[in-house]
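# Chains, contacts and geometry: an overview
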Amino acid sequence: MIMGGKRLSGEVTISGAKNAAVAVIPAALLVEGTCRIENVPAIKDVDVIVDILRCLGARVKYIDGHCLEINCEKINGFSAPYEMTRKMRASYYLLGALLGRFHHAEVPPPGGCNFGTRPIDMHIKGFEALGAKVGIDKGVIEAHAVKLRAAQIYMDVASVGATINIMLAATRAEGTTIIENASKEPHVVDVANFLSAMGANVRGAGTDTIKINGVEKMGGGTYTIIPDQIEAGTFMIAAAATAGDVLVKNVIPKHLESLTAKLVEMNTSVEEYGDSIRVSRDGPLRKANVKTLPYPGFPTDLQPQIVTLLSAARGTSVITESVWDNRFQYVDELRRLGAKISVDGKLAVIEGVETLSGAPVKATDLRAGASMVIAGLMARGVTEIRELRHIDRGYEDLEAKLRALGAQIARRGDSEIKSIGEVV
Ligand code: EPZ
């Protein structure tokens, strides 16, 4: 529950990147020695992927809340249980990692946020190009290879998941694999850096072309996960939304350039430092048009949050969602707070209103949940948010971090409702 209208001010420290962590942790399956992974975010998706690894026989030890040691020398199965994989999208990385190391993987189709069709055809094409046979048997994706051989793979659509998955499998294939039209997202680069730190040979991540020289063995090492670009962006938007003044610490400002440019266009002040960004606003919010694009474009994972911000900006804004077919489902919830938004396919037109008014809403998925929190912070009165499990998948201590910035936000431990808190 949130009592809106409080200006956020102070400092917030951003956690490790969820979408890097959920790839780096299963990537440890490729490694014979021990991987020490630092700056791991304390979120539900990490708990799930750690449970899956343990279930496969990996030894996983928490050194502290944010540091893990994983040893996958002895793995006792190649089959991930459906009850676990259905909880998250990133379980598809088990396919690339198990295939790379053991030449065999059995993984049920992944779960995760629902915003239209989320095919994995390019992952499968990539594995097949490396010499694997991939099929579905009793609802389980089975990938098997007698031997993995390097290939040149062109991706029809730049897919983050497929780029990473092919990279995982190719680290142990014979020869040099080349991925063309690869995704350039910061977490793609982070996974490549992790693999190289563990003994793989990956070059070019962050550009269109990634080259992977297969190695016979990966021995282990220590790696620190990058800060979460999307968590940082969510706090930057929350600061702008409440006419606040917030120093967002432990970030890589370059990863946030597309958002910074939009916030400035909307009349927000953004100052960049070495590893922090200060966001503040005094004047009224101005309209802006936003189109989501693969990195370095504006991230789709900040689309619900920026739409929420624009819902109270002066003028009419147009948002084009060009990554996912159906990522405006949360708009119905925003309308409950008084937002004026019309949606036509991948286009949303937002007519800015003076102010939002608190109401009961639900989180329809992870980032939509974050946008409901932002809406609650902006709105007059009390907003109650249900289905917080979506938010818990990807944000570490969201309400504690916001409370430290002055937000009136709390969580009620009601097992039926699971709403953010008890305020006033
Ligand atoms: C990753 O999903 C992220 N998830 C998503 O973040 C993010 O929205 C997305 O990348 C885009 O940036 C993780 O990293 C775990 P894609 P992913 O493959 O890899 C099409 C969040 O909120 N496509 O890059 O599944 C697909 O339909 C989550 O943290 C194919 O056609 O996304 C989409 O239109 C939500 N065939 C586009 O590519 C394929 O085989 C991009 O998808 C694969 C994808």
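Keep in mind the model is a prediction, meaning the values are calculated, not measured. (Residues numbered from 1 in each chain as written. Predicted model: local features only at pLDDT ≥ 70, side-chain atom pairs only at ≥ 80, totals over all residues. Heavy atoms only, no water.)

Strand pairing in a sheet relies on backbone hydrogen bonds. The paired strands run either parallel or antiparallel. Strand order in the open sheet made by the four strands is β4-β5-β3-β13, with mixed pairing throughout. One side of each edge strand has no neighbouring strand; the edge strands of this open sheet are β4 (59-64) and β13 (221-224). For this sheet, the mean inter-axis angle between neighbouring strands, taken without regard to orientation, is 20 degrees. Pairing of strand β3 (residues 34-38) with strand β5 (residues 67-71), which is carried by four bridges, proceeds in the antiparallel orientation. By the bridge assignment, Thr-34 is partnered in β5 with Asn-71. Where helix α7 (residues 186-197) meets the sheet, it contacts β3 and β13, and its direction lies at approximately 160 degrees from that of β13. (Pairing = 2+ DSSP bridges. Helix = DSSP H or I, 4+ residues; strand = E, 2+ residues; numbered from the N terminus. Axes fitted to C-alpha atoms, helices over the stretch in contact; angles between N-to-C directions. Contact = heavy atoms within 4.5 Å.)

The subject of this paragraph is the domain arrangement of the protein chain. As far as domains go, the protein chain holds domain 1 (2-15 + 227-423) and domain 2 (18-224). If you average the C-alpha positions of domain 1 and of domain 2, the two centres end up 30 Å apart. Contact residues are listed per partner, giving 22 residues for domain 1 and 20 residues for domain 2. For the pair domain 1 and domain 2, the summed buried surface comes to about 1800 Å²; carbon and sulfur atoms form 52% of the total. Counting across the interface, domain 1 meets domain 2 through one salt bridge. (Domains from an automatic or database assignment. Buried area = accessible area lost by both parts, 1.4 Å probe. Salt bridge = Lys/Arg side-chain N within 4 Å of Asp/Glu carboxyl O.)

Quick look at the sheet that holds strand β8 (residues 140-144) now. Strand order across the open sheet formed by three strands is β6-β8-β7, with antiparallel pairing between neighbours. Both edges of this open sheet fall to β6 (104-107) and β7 (133-137), since each of them pairs with a single strand only. Across the sheet, the axes of successive neighbouring strands diverge by a mean angle of 15 degrees, strand direction being ignored. For β7 and β8, the ladder comprises five bridges, and the chain directions are antiparallel. Bridge pairing in β8 places Val-134 opposite Ala-143. Across the sheet, helix α4 (residues 93-102) is in contact with β6 and β8; its angle to β6 comes to roughly 160 degrees.

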